[in-house]
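Residue strings, one per chain:
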Amino acid sequence: MSHQNDPLIIAGQSYNSRLLIGTGKYKNLEETRIAIEASGAEIVTVAVRRTNIGQNPDEPNLLDIITPDKYTILPNTAGCFNAEDAVRTCKLARELMNGHDLVKLEVLGDQKTLYPNVVDTIKAADKLVQDGFKVMVYTSDDPIVAQELESLGCVAIMPLGSMIGSGLGILNPHNINVIMEDAKVPVLVDAGVGTASEAAVAMEMGCDAVLMNSAIAGARNPVLMASAMRKAIEAGREAFLAGRMPRKRYASASSPMDGTIIG
Amino acid sequence: MQIQVNGEMLQVQDDITLTGLISQLELGDKRIAIELNLEIIPRSEHAEAVLKEADRVEIVHAIGGG
């Protein structure tokens, strides 16, 4: 089975790519555009911020470069530290995207860790689902919180591998496994992946997809890393579908022992 | 009259509409979303939305983020 006939389905929409990427931290919009193209991503996150009044009226707009006809734009609530701000941001995002209601909910605890504030994440998820949003939710790797968010109606559960922007990889694969065992909606590792092997590990574990930003934008060559991530996600997914060999404690020869010239 | 736009005070003519404000700020061709006193005002209603003294307007757009 190749990845072509193994789509990722989120909120009823089908996607070929299992790599979702952010658009922050790039040198400029052109680098953003080329990196996204190299990654093969179809879902691209953006942030919602106040428009600069009276400054740079000719500044190019991100959505002129990353256009909604080519990509599924996933507005996030980054920078929100309580449920009310996150809900307001999502409503602004829906207006900005002409009614498109897929959002990435993240309610953060503090600046130092950017760790999810799960209490307000749950409050905001509840309000947003009631208001008709399709909520992909960033959360901790706590399986009980993940279950709660799914039962509220979130369309994807996105536990962190490690802290946002840390590049420390997946620190607690066992928790991610428990979350996946119970989830009936896609589970994406969001945050923490630092390099291609870590993206492959997430996919080999059976995660439905990976969302990343810093690992690509923070690489010495972001475009090359975007291409590496594309391959890692595909390789990891194929390895998961193929099913790895069992681990053994001792050697098992690949060449037959019969017919050797010895003895 | 004075209104607040993105946290800053701004002098505008009385009875200005959101469409008028957008044009005063030279944001006419930008993809933006507007909140007036914590309520989203859809694009289709900007022309009829008349502002009053001390209104609080938020104008946002999409930027790079993860």
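Residues numbered from 1 in each chain as written. Chains lettered and ligands numbered in written order. Predicted model: local features only at pLDDT ≥ 70, side-chain atom pairs only at ≥ 80, totals over all residues. Heavy atoms only, no water.

Under an unreviewed UniProt entry, the name given to chain A is Thiazole synthase, and the organism recorded is Neptuniibacter pectenicola. The record in UniProt for chain A states the following under Pathway (unreviewed entry): "Cofactor biosynthesis; thiamine diphosphate biosynthesis." Per UniProt, chain A has the following entry under Sequence similarities (unreviewed entry): "Belongs to the ThiG family." (UniProt positions renumbered as here; feature names shortened; annotations may be inferred.)

Caption draft 1: Inspection of the overall build of chain A at higher detail. Looking only at helices and strands, chain A features nine helices and 10 strands. Relative to its length of 263 residues, chain A is compact, with a C-alpha radius of gyration of 20 Å against a globular reference of 18 Å. Over its C-alpha atoms, taken along the principal directions, chain A stretches across nearly 90 × 40 × 35 Å. Within chain A, buried positions represent 49% of all 263 residues. Carbon and sulfur atoms make up 52% of the accessible area of chain A, which totals about 12700 Å². (Helix = DSSP H or I, 4+ residues; strand = E, 2+ residues; numbered from the N terminus. Rg over C-alpha atoms; globule rule 2.2 N^0.38 Å. Buried < 20%, exposed > 50% of the residue type's maximum accessible area, 1.4 Å probe, protein only. Areas by Shrake-Rupley, 256 points an atom, 1.4 Å probe, with all protein chains shown as cover.)

Caption draft 2: Representation of the confidence of the model for chain B within the structure. Here chain B shows a mean pLDDT of 94. Residues at 70 or above account for 100%. In the predicted complex, the global pTM is 0.93; the interface-specific ipTM is 0.94. (pLDDT = per-residue confidence, 0-100.)

Caption draft 3: The interface of chain B and chain A, seen in detail. With 27 residues of chain B at the contact, the number on the chain A side is 29 residues. Overall, the association of chain B and chain A removes approximately 2500 Å² of surface from exposure, summing both partners, and the carbon and sulfur fraction of that is 55%. Looking at the side of chain B facing chain A, the largest losses of area belong to R31, A62 and G66 of chain B, adding up to 26% of the total buried there. Counting every contact that joins chain B to chain A gives three salt bridges. As a salt-bridge pair, E35 of chain B and R88 of chain A come within 2.5 Å of each other at their nearest N and O atoms. Counting every contact that joins chain B to chain A gives 15 residue pairs in polar contact (both at pLDDT 80 or more). Tallying contributions element by element places strand 5 (residues 56-64) of chain B first for the side of chain B that touches chain A, with seven residues. The residue makeup of the side of chain B that touches chain A, split by class, is 14 nonpolar, seven polar and six charged. Alignment of strand 4 (residues 43-50) of chain A against strand 5 of chain B, held across five bridges, turns out to be antiparallel. Bridge pairing links V46 of chain A to G64 of chain B in strand 5 of chain B. (Contact = heavy atoms within 4.5 Å. Buried area = accessible area lost by both parts, 1.4 Å probe. Salt bridge = Lys/Arg side-chain N within 4 Å of Asp/Glu carboxyl O. Polar contact = N/O pair within 3.5 Å; in protein donor to acceptor, adjacent residues only side chain to side chain. Nonpolar A, V, L, I, M, F, W, Y, C, P; charged D, E, K, R; others polar. Pairing = 2+ DSSP bridges.)

Caption draft 4: The pattern of salt bridges, seen in detail. Residue and element names in this part refer to chain A. Enumeration over the complete set of coordinates arrives at 17 salt bridges over all chains. A salt bridge links E30 to R33, with the nearest nitrogen and oxygen atoms 2.7 Å apart. Here R33 and E30 lie together in helix 1 (residues 29-39), a separation of three residues that amounts to about one turn. Taking the relative accessible area as the measure of exposure, R33 reaches 27% and is therefore partly exposed. A salt bridge links K91 to D131, with the shortest nitrogen-to-oxygen separation between them at 4.0 Å. On the criterion of sequence distance, the pair formed by K91 in helix 3 (residues 83-96) and D131 in the loop between helix 4 (118-130) and strand 7 (134-139) is long-range, its members being 40 residues apart. On the accessibility criterion, D131 (32% relative accessible area) is partly exposed. Each of E30, R33, E37 and K70 takes part in one network of salt bridges that share partners.

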